[in-house]
Amino acid sequence: MGKSKIKDYIKKFLNTIFPVKCVCCKTISKDTNIVCDKCMSELVREAMRKCRFCGRPPYLCRCKTVENIEDVVTPFFYTGEKIKTAIYAVKKANLYYINEFFAKGMYNSVKSSDRIKIDEIDYITFIPRMKKSVRKYGYNQTKYLAKLISKYSGIPCLSVLNASRLYKREQKTLSKSERILNVKDKFSVAKNKRPVITTKTMLLIDDIVTTGSTLSECARVMKQAGAYKVYALCAASVFS
């Protein structure tokens, strides 16, 4: 029996013992897809949802601006229930297939958009996750997304940022003004990475951009450390 047949047999066996459930609707999948066909079609429709301000799909929308960031591209608006459930799965569970789904969507969005020239990016980096969240869930979702996008694009992924003084409250619980204060001076660039990013163009990865305060603060410290430009690529955007 060939290796591919053995792998298929193992997958079928494991799916029988531990059936795969769709991360969106929780129904048992007939195959090993982490998102069922029905939910996938809804997510595809979500990706083509038009901005209520400019009428463009997410990857072409220019309405979301963030201080210190040259431009922000996302494949989704954080509106429909399916997209919210799927991104929650990215945040809370280290599921390779759902991470891959979003990473591919993010990469395709930046390739399709005229707002970021992927060939001009020197390094991909990511927002550090709170240490207590990493301990609780076992991984940093933005790091995983960044590594996958690095694999698809061939652009090196570089861990640049440190959370120098961790913010005590999670951003999602705060107002816009509180979010800005909550992340102020909480991030820094690792000393050994400063010479590396000097004059370089960076692509900063995050899952959801809400007010953009975290992205803005991270871009600010990277530019202070010598980065030339900082762009942002996120899974979804919330209009504030």
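Below you will find a few notes about this structure. Note that the coordinates shown come from a computational prediction; the quantities given were computed from them, not determined experimentally. Counting of residues starts from 1 at the beginning of each chain's written sequence and follows it residue by residue. This being a predicted model, a pLDDT of at least 70 is required before a residue's local features are given, and a value of 80 or more before pairs of side-chain atoms are given or counted; all residues contribute to the totals for chains, interfaces and linings. With hydrogens and water excluded, all non-hydrogen atoms of the structure serve as input to the side-chain values.

### Points about unusual backbone geometry
Just so we agree on the cut-off: Exposure categories follow from relative accessible area, calculated using a 1.4 Å probe and restricted to protein chains: below 20% of the type maximum is buried, above 50% is exposed, and the middle band is partly exposed. Helix and strand definitions here come from DSSP, where helices need a minimum of 4 consecutive H or I residues and strands a minimum of 2 consecutive E residues; each element is numbered from the N-terminal end.
With a phi angle near 75°, Asn68 is a residue other than glycine that sits in the positive phi range. The exposure class assigned to Asn68 is partly exposed, which follows from its relative accessible area of 26%. Phi at Thr199 takes a positive value of approximately 70°, unusual for a residue other than glycine. Mapped onto the secondary structure, Thr199 falls in the loop between helix 8 (194-197) and strand 6 (201-209).

### Some details on the pattern of salt bridges
Operational definition: Put simply, a salt bridge is a Lys or Arg side-chain nitrogen that is within 4 Å of an Asp or Glu carboxyl oxygen.
Applying the stated rule across the entire model yields six salt bridges. Residue Asp114 pairs with Arg62 through a salt bridge whose shortest N-O separation is 3.2 Å. Of this pair, Asp114 sits in the loop between helix 4 (96-112) and strand 3 (123-126) while Arg62 sits in the loop between helix 2 (37-47) and strand 1 (72-73), and the two are 52 residues apart along the sequence. Under the relative-accessibility criterion, Asp114 is labelled exposed at 55%. By relative accessible area, which is 43% here, Arg62 ends up partly exposed. A salt bridge links Arg115 to Asp71, with the nearest nitrogen and oxygen atoms 2.6 Å apart. Linking Arg115 in the loop between helix 4 and strand 3 with Asp71 in the loop between helix 2 and strand 1, this pair joins segments that are 44 residues apart in sequence. Both residues of the pair, Arg115 and Asp71, count as buried. Because the salt bridges share partners, they merge into one network encompassing Arg62, Asp71, Asp114 and Arg115.

### A short note on the pairing of strand 6
Successive side chains on a regular strand alternate, one facing one side of the sheet and the next facing the other. Rules: Two strands pair if DSSP finds at least two bridges between them. Looking down the strands as they point away from you, a crossover is right-handed if its path from the first strand over the helix to the second goes clockwise.
Most of strand 6 is tucked away: nine of the nine residues are buried. With four bridges connecting them, strand 3 and strand 6 associate as parallel partners. Within strand 6, the position partnered with Ile124 by the bridge is Leu203. Two elements, strand 6 and strand 7 (residues 229-237), share eight bridges in a ladder whose sense is parallel. By the bridge assignment for strand 7, Thr201 is matched with Lys229. Traced from strand 6 through helix 9 (residues 213-224) to strand 7, the parallel crossover comes out right-handed.

### Things to note about the environment of Cys63
Inspection of the secondary structure puts Cys63 in the loop between helix 2 and strand 1. C-alpha of Cys63 to C-alpha of Cys51: the two residues are twelve residues apart in sequence and 8.4 Å apart in space.

### Describing helix 9
Structural remark: α-helix, 3.6 residues per turn; residues separated by three or four positions point the same way. To keep it simple, the criterion reads: Here a helix's expected span is defined as the number of its residues, less one, multiplied by 1.5 Å.
Across its twelve residues, helix 9 extends 16 Å between first and last C-alpha, which sits within 8% of the 16 Å expected from 1.5 Å per residue. Most of helix 9 is tucked away: ten of the twelve residues are buried. Among all positions in helix 9, only Ser213, Thr214, Leu215, Ser216, Glu217, Cys218, Ala219, Arg220, Val221 and Met222 are buried. Directly after helix 9, the chain includes Gly226, whose backbone phi takes a positive value near 120°.

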